[in-house]
Every structure is written in structure tokens, then in C-alpha cells.
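# Reading the structure
Next come the chains, spelled out residue by residue.
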Amino acid sequence: MNKLIRVLHFQGRMGLGGAETFMMNTYRNIDRSKIQFDFLLYDDFKDVTPYNEEIKKLGGRIYYVPNPKKNIIKYVTSVSRLLKDHQFDIVHSQVFFGGGLNVWLAKRAGIKKRIVHSHATSHEKEQNIVFKKVRAFLDQLMFKYTTDYLACSYDAGYALFGHNHDFTFIPNGIDIDKYQNIEESKNVIRNSLGIDGDTLVLGNIGRLEKQKNHSFLIEVFSKVKSKESDAILLLIGEGSLEQELKTLVEVKQLTDSVHFLGVRQDIPRMLKAMDIFIMPSLYEGLPISAVEAQAAGKKVVLSTEVSKETQLTDNVSFLSLDESIERWAERTIQHPYQSHPLPTLELYDMNNTAIMMEKIYLNGSK
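Of all five residues in strand β8 (residues 201-205), five are buried, a share of seventy percent or more. As paired strands, β8 and strand β9 (residues 232-236) are joined by five bridges and run parallel to one another. Following the sheet pairing, Val 201 is matched in β9 by Ile 232. As a crossover connection, the stretch from β8 through helix α9 (residues 214-227) into β9 is right-handed. Of the strand pairs in this sheet, β8 and strand β11 (residues 276-279) are connected by two bridges, and their pairing is parallel. Bridge pairing links Gly 203 to Phe 277 in β11.

So, in C-alpha cells, the structure goes:
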């Protein structure tokens, strides 16, 4: 009988973000008779638990350690002890900043396969002198001790590994069928949200954090309202900026038109309720929510900071954040609102992604 391979994911947080959703999609579809996942999370996020029960049911284990941003010594000590006390065959670091430290600790623990995975084109930290020096040191560790380099897009790969280092592109796979075959009608779903059937509905899915640029989105929506007075904006997600954004909505007198829906487990339904998906992010890798929106046949409007590889249908617009609010509003409400898949959408079928990940984990791990 073949040995079960255990993969420890350095995830930090297991909310409903893109990287977490990708790993759970992979976990559900991978051959768990051969490969099992465990998750290393920061104790700051013990109350972020949308996947905890499912992880346990699938056979995974969850370990909490101190947040390295708050106490690096305690983090190193805790991770070193964890790697010593438990048997892991592979470590898979999902964090953009600090992967070098994680693979170094894994190397010290004798773990032979050490994966670093880039999911973004930048980092939320300010790029000051201290940050750049720390990152340069961690990059040295990363390039010295990593065995496998993965990225959700080429832009994300270049951002973390540079243009002169090889990496493997792994599509952020989804269950495409879930977004294309929903029995409920759009009007029924809208009625459940208190929205009329003929209303223009814009939507965004993402953490309410600086990266996602919701304040800019609200400005765009305010301009959209001046052209389409009945328009509605659905914001799905939670985060530290929620109250600040609600205050901005009040100042703009949009309280009745902007719906903060929090974390939702029915994303395919929410996408069906929308006409347009809009994401003016400051940076992204290849956002799963934009892939989901295209699988659902929506018009998609993205900032040029989102990887061009995100375009998987024939109705995706990329706009610079330097463009005027007026220009964003005009492009957003420009017809048509439907889209048709390009052949590249099939690359993002989760079955294909799971096969790719399985090969990476099994290669040289037995």
C-alpha cells in the first residue's frame, strides 16, 4: 500500500479569499487516498472558520501559530516545534511575503519537497526601505531552499520570482458547472434580496481591505447612479474597512442602493443576480471571483492591475485606475452585459487543476 502523503499548507488565514478558495477547491477534488492536506494558520484568525469543519471531515488537521508580523521569534519557535513533532512530506507556502522563511524552516526539519506559490502581483505592505531589505533577505532564502515554484498567473509569478526564474502556472480552477447551471431564475434570486427584476445590478466579491479598492468602486457607482437612477451595488465580503466604507456610502447618499451582504456561501446565486461584475483592485494575481463571474456569463470590468490572463470570455474590459470616474462609469454600463466563453475558460475547470496539483505533489514525494 502506498504511503499517504501529507502536505502542510502555510496559509495564515482560511477565510473565503481567493487563495483559500483555490486550496479548498483543490482539496475537494484531489485524490485523498494518496494526498492529505493540513493547514498552518495564525492564531490571530482563530475566529475565521468557514472551512474548519469541512477540512476536518476531509481528513485535514489545523495548526495555529503566532503571527510572524507580530512576533517573529515566537513564530519560528512554534513552526520549528510543529515540524519536529509531526510528520509532513511536503510544505506548500501560500503567503506572498515570508515564503523564504517557511521553506528554510522546512529544510531544517528535513522536509524534501518545499513549494512556494504566488497568488498576487504585489503585497499590502508599504514598499519602504526596511520592507525591501527584509524581502531581499527572505527572497535569498526562498531561492535557496524552494524546490517547486508555482503561480496563479504569469504576472503573479514574475512579481514574486522575477522574470529570470522558472515557475509552473497553475490555473485557479473552479467547478464551472456550478456557475452555469442554476435552477433558480434571476428574478427569484433578486426577489430574495429585495431587488426588482429589471434593476441594473453591479457586484463585487472580495475582502473589504485596501487592496480591493472599494472606495474607488463606490465613487464609480455614485457616477453610475447619476446615469441609471435605479442601479444597485452588491458588495460581498467582510474586512477591516467595512465601517469606513459604510460611512462613505452614507456621505454619498447611497445607503439604499449599496447592499453589504457579508460573507456568502451561495456565490453562484449571487453572480446570477448581477448584470455586471466590477473589480478595480490595486493589485491581484488572478482573482477567482473574476473567473467565477465569467463562468456565470457576466460582463466583467477590471482594473489594469489585474492580470490580463484573467480574460476568459469575450466581454471583459480593463481600465486604468488613472482613468476618470466618468470613464469607468460609462464603460461599466455600456451594453452588452452578457459574455461568451473563450477556449481558455476550460483551462480553469477544477478537474484539470486538481490533476496538475496531484502530479506536483506526487513527483518525487514517495
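Axis separation between α9 and helix α13 (residues 325-333) bottoms out at 9 Å; the angle between their running directions is 65 degrees. Considered as vectors, α9 and α13 are oriented roughly perpendicular to each other. Crossing of α9 over α13 shows right-handed handedness. Contact residues: α9 offers Phe 216, Glu 219, Val 220, Lys 223, Val 224 and Lys 227, while α13 offers Ile 325, Glu 326, Trp 328, Ala 329, Glu 330, Thr 332 and Ile 333. In terms of residue class, the contact of α9 with α13 is built from seven nonpolar, one polar and five charged.

A few words now on the sheet that holds β9. Taken in spatial order, the six strands of this open sheet run β10-β9-β8-β11-β12-β13, and their pairing is parallel. With one partner strand each, in any of the chains shown, β10 (258-262) and β13 (316-319) form the two edges of the open sheet. Geometrically, the sheet is characterised by an average inter-axis angle of 20 degrees between neighbouring strands, direction not taken into account. Each of β8, β9, β10 and β11 is contacted by α9, which is oriented at about 165 degrees to β9, the strand it contacts most. Helix α12 (residues 288-295) rests against β8, β11, β12 (299-303) and β13 of the sheet, and its axis sits at about 165 degrees to β11.

On to the pattern of salt bridges, then. Taken as a whole and judged by the stated rule, the model has 19 salt bridges. The salt bridge partner of Arg 135 is Asp 139, with a shortest N-O separation of 3.2 Å. One end of the pair is Arg 135 and the other is Asp 139, both in helix α5 (residues 129-145) and four residues apart, which spans about a single turn. One exposure class covers both Arg 135 and Asp 139, and it is buried. Lys 252 is paired through a salt bridge with Glu 219; the nearest N and O atoms lie 2.8 Å apart. Of the two residues, Lys 252 is situated in the loop between α10 (242-251) and β10 and Glu 219 in helix α9; the sequence distance between them amounts to 33 residues. Residue Lys 252 is classed as partly exposed on the basis of its relative accessible area, which comes to 29%. On the basis of relative accessibility, which here comes to 28%, the residue Glu 219 falls in the partly exposed class. By sharing partners, the salt bridges in this structure join Glu 184, Arg 264, Asp 266 and Arg 269 into a single network.

The rules behind each value
Residues numbered from 1 in each chain as written. Predicted model: local features only at pLDDT ≥ 70, side-chain atom pairs only at ≥ 80, totals over all residues. Heavy atoms only, no water. Buried < 20%, exposed > 50% of the residue type's maximum accessible area, 1.4 Å probe, protein only. Helix = DSSP H or I, 4+ residues; strand = E, 2+ residues; numbered from the N terminus. Pairing = 2+ DSSP bridges. Right-handed = clockwise from strand over helix to strand, strands pointing away. Axes fitted to C-alpha atoms, helices over the stretch in contact; angles between N-to-C directions. Parallel < 35°, antiparallel > 145°, perpendicular 65-115°, else oblique. Left-handed = near helix turned anticlockwise from the far one by under 90°. Contact = heavy atoms within 4.5 Å. Nonpolar A, V, L, I, M, F, W, Y, C, P; charged D, E, K, R; others polar. Salt bridge = Lys/Arg side-chain N within 4 Å of Asp/Glu carboxyl O.

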